[in-house]
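# Descriptive structure summary
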Amino acid sequence: MKRVYGNEKSLLDFLIPLEKWIFKICRIDPGKSMDWKQYLLALLSIQVVWVIPAFMVLLLQGKLFLNPAHIPGMEWSLALNSAISFLTSTNLQHYSGETGASYLSQVAVFTFLQFLSAATSLAAGVAIVRGLTADPGIGIGNFFNDFLRSCTRILLPLSVVVAVIFMTGGMPMTFKGPHKIITLQRDTVTVAKGPVASMVPIKELGSNGGGFFGANDAHPFENPSFATFVVHFIIVLLLPMAFVFFIGYYLNRKKFARMLFGVMTAGLLLLAIPIVKQEAGGNPEISAMGINQAKGNMEGKEVRFGVNYSAFYCAENVAIPAGTVASVHDSYMPLSAMTMLIGMQVDAFFGGLGTGWINMFMYLVIAVFIGTLMIGRSPELFGKKISTKEMQVAVMVNVLQIFVPVALAAIACFIYVNKSGGGDTLGWLSNKGPHGFTTMLYEYITSVAGNGSNFAGLGNNTLFWNLTTAVAMLSGRFVPIAGAFMIIGLMKQKKFIPASLGTLQTDSATFGVFLFAIIIILSVLSLFVIFMAGPIAEHFSLHS
């Protein structure tokens, strides 16, 4: 990655003629450096180019080709929600993959957008890293060059390798229609299949998460064996972890990268351990029925993988956040659900590819500002002063990331409670009380975080949920990116200040602990009262 984005020689340089041809056709000068406004404008404007045809294909898929199962076109709000979902790398699915999308939609919309959204995230993250090194008169790179290289040099080669591994393991890759088989009980069953192996690698390598099938990674065609499950574990973490080391190599601050890696790894483990422990302990309500829970809370778990692997995979995918699921989150224990919400809200314990670093950058700015003031020093990050403006932007982004899901959840609760004839007429919730509140809050936090997993107990394919989650996804995707670019733009206007004895060491273990504490205070404690009304209340009701 350092060689690719540093324009150094690499093994994939044979792709240069192809890249030059693409730039020539598009009339783009890849060598033209952009400032932060130009880079951000290019990033945002090109999103509109992709969302419109994606929306039209989903709307008209019933009348288009590559539809052997004769799946009808999506309702307009569902089509809009799905297009925005995959455009923003959220991959929230208010439809069931094999019954809601044609092969054309799966390939030309969902797989295509998963590549493009991941490349956009990667380019944005690289631009922020580059902005920390460039002189005041030099831009932060060229978006189109970073974007194309992310696709051709990183995402596509890795996806091809992983796809071959998955096909070898039994994952289907075909454009033939559903297959009818006769079971041992002499029942006729229709088995869905399709171009699965082309979609699954990028959904996890790119921190996307949208499944070809409704059951996602619990489906035997998306996860044929435990060997393929191990591959899933690896590729979800591969690029987000690699990006942390890329920061160290690119900035020539390897000690700083190790500090970030330590903070992120600690955060990931502190998410995984409680979830695994809660699920391994079983459900007291089921135990009270006289059912043996020696294997833990198996409700909603894939029998092939069991409790421990399913729970750790859940933790991994709320931290990244790919949002890929191999079990039903609605069936997890209440405190497990709270841990999931924390992981998605923080979204910086490795986090999404590129965007996880952007979220960590916001926490980093706040931590440096507070930390230096505590010791009576002037706030500096990599030789650039952090003033009130940078702090205001970072705090505003952090506040909006919390305010948007909580406000939308409040609106949903108000409508549910005040609906004429009662909330049951809406058909939203399969569970009421604290669990129902957690279900609605989860839907919005997963949307803002770009996670896309759901609680599976929510009737979310309605006009209200399709439109409100679309707002949440757009906010969660582009507000942090825009905020990070604004901060980089402000910092680049300032003169470089050499480090001195009074400079706060941002690469030390002490600062890593302080940074971790800032993350917990800003994200976890801000939602503690909300958790009291949902998962914590449900936990005490189970153990009363």
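Residues numbered from 1 in each chain as written. Predicted model: local features only at pLDDT ≥ 70, side-chain atom pairs only at ≥ 80, totals over all residues. Heavy atoms only, no water.

When helices and strands are tallied, the chain shows 20 helices and four strands. Here the chain has a C-alpha radius of gyration of 23 Å; the compact-globule value for 544 residues is 24 Å, and the two agree. With the C-alpha coordinates aligned to their principal axes, the bounding extent of the chain is approximately 75 × 60 × 45 Å. The proportion of buried residues among the 544 residues of the chain is 57%. (Helix = DSSP H or I, 4+ residues; strand = E, 2+ residues; numbered from the N terminus. Rg over C-alpha atoms; globule rule 2.2 N^0.38 Å. Buried < 20%, exposed > 50% of the residue type's maximum accessible area, 1.4 Å probe, protein only.)

Summarising the element assignment, H94 is placed in the loop between α4 (76-87) and α5 (97-100). Taking the relative accessible area as the measure of exposure, H94 reaches 6% and is therefore buried. Of note is the side chain of H94, whose polar atom sits 2.8 Å from the side chain of E443. A polar contact is formed between the side chain of H94 and the backbone oxygen of N460, at a distance of 3.1 Å. Beyond its immediate sequence surroundings of up to four residues, H94 is in contact with L78, N81, E443, N460, N461, W465, N466 and T469. (Polar contact = N/O pair within 3.5 Å; in protein donor to acceptor, adjacent residues only side chain to side chain. Contact = heavy atoms within 4.5 Å.)

Below, the discussion takes up helix α3 (residues 36-60). Compared with an ideal rise of 1.5 Å per residue, which puts 25 residues at 36 Å, α3 spans 38 Å between its outermost C-alpha atoms and is within 8% of the ideal. For α3, the N-terminal cap is D35; the gap from its side-chain oxygen to the backbone nitrogen of K37 is 3.1 Å. (Expected span 1.5 Å × (residues − 1).)

What follows concerns the packing of aromatic side chains. By the definition in use, this model includes 33 aromatic pairs. An aromatic cluster is present here, built from F226, F229, F233, F305, Y309, F312 and Y313 joined pairwise through their rings. Note that K301 overlies the ring of Y332, its terminal NZ or CZ placed 4.1 Å from the centroid. (Phe/Tyr/Trp six-rings, centres within 6.5 Å; stacked < 30°, edge-to-face > 60°. Lys NZ or Arg CZ within 6 Å of the ring centre and 35° of its normal.)

A word on the packing of helix α9 (residues 226-251) against helix α12 (residues 306-319). Axes are the key here: two packed helices are described by the angle between their axes and the distance separating the axes. Contact pair α9 / α12: the axes reach a minimum separation of 10 Å and the direction vectors enclose 25 degrees. It follows from the interaxial angle that α9 and α12 lie roughly parallel. Where α9 crosses over α12, the handedness of that crossing is left-handed. Packed against α9, whose contacting residues are F226, F229, H232, F233, V236 and L237, the element α12 presents Y309, F312, Y313, E316 and N317 at the interface. Per-class residue counts for the contact of α9 with α12 are eight nonpolar, two polar and one charged. (Axes fitted to C-alpha atoms, helices over the stretch in contact; angles between N-to-C directions. Parallel < 35°, antiparallel > 145°, perpendicular 65-115°, else oblique. Left-handed = near helix turned anticlockwise from the far one by under 90°. Nonpolar A, V, L, I, M, F, W, Y, C, P; charged D, E, K, R; others polar.)

Relative to the helices and strands, F261 is located in helix α10 (residues 254-280). As a C-alpha pair, F261 and A242 span 19 residues in sequence and 9.9 Å in three-dimensional space. Aside from chain neighbours lying at most four places away, what touches F261 is M241, V244, F245 and F350.

Moving on, we get to the nonpolar core. In this structure, F361, F485 and L515 are the most contacted members of the largest nonpolar core, which totals 162 residues. Here this core takes 16 residues from helix α6 (residues 103-131), the largest share from any one element. For F361, the contacting residues outside a window of four places in its chain are I128, L132, L381, A484, I487, I488 and M491. (Core = buried A, V, L, I, M, F, W, Y, C linked by side-chain atoms within 4.5 Å.)

Turning our eyes to something else, we now look at unusual backbone geometry. For the peptide bond that leads from I320 to P321, omega is -5 degrees, which places it in the cis range. Summarising the element assignment, P321 is placed in the loop between α12 and α13 (334-346). The phi torsion at N7 lies on the positive side, around 55 degrees, for a residue other than glycine. If you trace the backbone, N7 turns up in the loop between α1 (2-5) and α2 (16-26).

Residue placement: I182 occurs in strand β1 (residues 179-182). Assessed through its relative accessible area of 53%, I182 is described here as exposed. Aside from chain neighbours lying at most four places away, what touches I182 is D187 and T188.

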